[in-house]
Amino acid sequence: MKLIVAGTKYPLQEAIQGATLRNLYVLKMQSGVGIKSLRDAFKRMEDSAPTDGSPADPLDFLEEEDNLLALQAMVWLCKRHAGEAVTVAEANDFPLSQIGFEAETEETKPADPPQGPTDTDPAVVPAALTS
């Protein structure tokens, strides 16, 4: 899943999993959100998606204070993971309309090319083709 902030896409899972201890400490001190709270909020967000394929209403998720804090933490961690030197407050100074999520589509692996006969030596040209 990608987090989109002001048109920039950030890999959310990699940012959370790649969070440094220093960033986690700063995050906890500045926002009160720890890694377990962040993981739980992320899980709640995934679980709140409708199963019938209809789009989820993100405002339902943002109704809870803990979820708002977790979203701020996600934005900051993503920006820090991308190398941006911003505070938690600076990272979250965007209108809600510029924050979103994008589900990653699973890339389909291209089909392997068909295999030719394996019992022939490609250096040997059959007599029928040379006549």
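Worth saying up front: this structure is predicted, and the values here are computed from it rather than measured.

Conventions used here
- Residues numbered from 1 in each chain as written.
- Predicted model: local features only at pLDDT ≥ 70, side-chain atom pairs only at ≥ 80, totals over all residues.
- Heavy atoms only, no water.
- Pairing = 2+ DSSP bridges.
- Helix = DSSP H or I, 4+ residues; strand = E, 2+ residues; numbered from the N terminus.
- Axes fitted to C-alpha atoms, helices over the stretch in contact; angles between N-to-C directions.
- Contact = heavy atoms within 4.5 Å.
- Salt bridge = Lys/Arg side-chain N within 4 Å of Asp/Glu carboxyl O.
- Buried < 20%, exposed > 50% of the residue type's maximum accessible area, 1.4 Å probe, protein only.
- Expected span 1.5 Å × (residues − 1).
- Arc of directions from axis to C-beta.
- Parallel < 35°, antiparallel > 145°, perpendicular 65-115°, else oblique.
- Nonpolar A, V, L, I, M, F, W, Y, C, P; charged D, E, K, R; others polar.

K.L.:
Quick rundown of the sheet that holds strand S1 (residues 2-5)? Include the residues and the values.
P.N.:
Read across the sheet, 3 strands follow the order S2-S1-S3 without closing on themselves; strand pairing throughout is antiparallel. Edge positions in the open sheet fall to strand S2 (8-11) and strand S3 (99-102), since each of these has one partner strand only. Sheet twist, expressed as the average angle between the axes of neighbouring strands with direction ignored, equals 30°. Relative to S3, S1 is paired through 4 bridges, and the arrangement is antiparallel. Across the sheet, residue lysine 2 finds its bridge partner in S3, namely glutamate 102. Running over the sheet, helix H5 (residues 65-81) touches S1, S2 and S3 and is turned about 90° from S1.

K.L.:
Account for the pattern of salt bridges, naming residues and giving values.
P.N.:
Here the structure, examined in full by the defined rule, presents 4 salt bridges. Aspartate 40 is the salt-bridge partner of lysine 36, the closest N and O atoms lying 3.2 Å from each other. Separated by 4 residues within a single helix, lysine 36 and aspartate 40 lie in helix H3 (residues 35-47), roughly one turn from each other. Lysine 36 gets classed as exposed once you look at its relative accessible area, which sits at 53%.

K.L.:
I'd love a proper account of H5, names of residues and values included.
P.N.:
Taking 1.5 Å of rise per residue, the 17 residues of H5 would be expected to cover 24 Å, and the 24 Å separating its terminal C-alpha atoms lies within 8% of that figure. Along H5, the residues classified as buried are Asn67, Ala70, Leu71, Ala73, Met74, Val75, Trp76, Leu77, Cys78 and Lys79. Within two residues after H5, glycine 83 carries a phi angle of roughly 95°, on the positive side.

K.L.:
How would you sum up H3? Please name residues and give values.
P.N.:
If you check H3, its first and last C-alpha atoms are 18 Å apart, about what 13 residues at 1.5 Å a residue would give, namely 18 Å. Within H3 the residues assigned to the buried category are Leu38, Ala41, Phe42 and Met45. Looking down the long axis of H3, one finds its buried residues gathered within 100° of arc, a one-sided arrangement. The outward face of H3, more than 90 degrees from its buried face, is lined by the exposed residues Lys36 and Asp47.

K.L.:
Any chance you could break down the environment of asparagine 67 for me, citing the residues and the numbers?
P.N.:
By the secondary structure assignment, asparagine 67 is in helix H5. Looking at asparagine 67, the relative accessible area reads 5%, which means it is buried. Excluding its chain neighbours within four sequence positions, the residues that come into contact with asparagine 67 are Ala41, Arg44 and Phe61.

K.L.:
Just give me the short version of the side chain of asparagine 92, but keep the residues and values in it.
P.N.:
By the secondary structure assignment, asparagine 92 is in the loop between helix H6 (88-91) and S3. Residues in contact with asparagine 92, not counting those within four places in the same chain, are Leu71, Gln72, Val75 and Trp76.

K.L.:
Give a detailed account of the packing of H3 against H5, specifying residues and quantitative values.
P.N.:
Running from N to C, H3 and H5 point in directions that differ by 105°, and their axes come no closer than 9 Å. By the angle between their directions, the pair H3 and H5 is classed as roughly perpendicular. Only Asp66, Asn67, Ala70, Ala73, Met74 and Leu77 of H5 make contact with H3, whose side of the interface consists of Leu38, Ala41, Phe42 and Arg44. Partitioning the contact of H3 with H5 into residue classes produces 7 nonpolar, 1 polar and 2 charged.

Any functional reading would require information that these geometric values do not contain.
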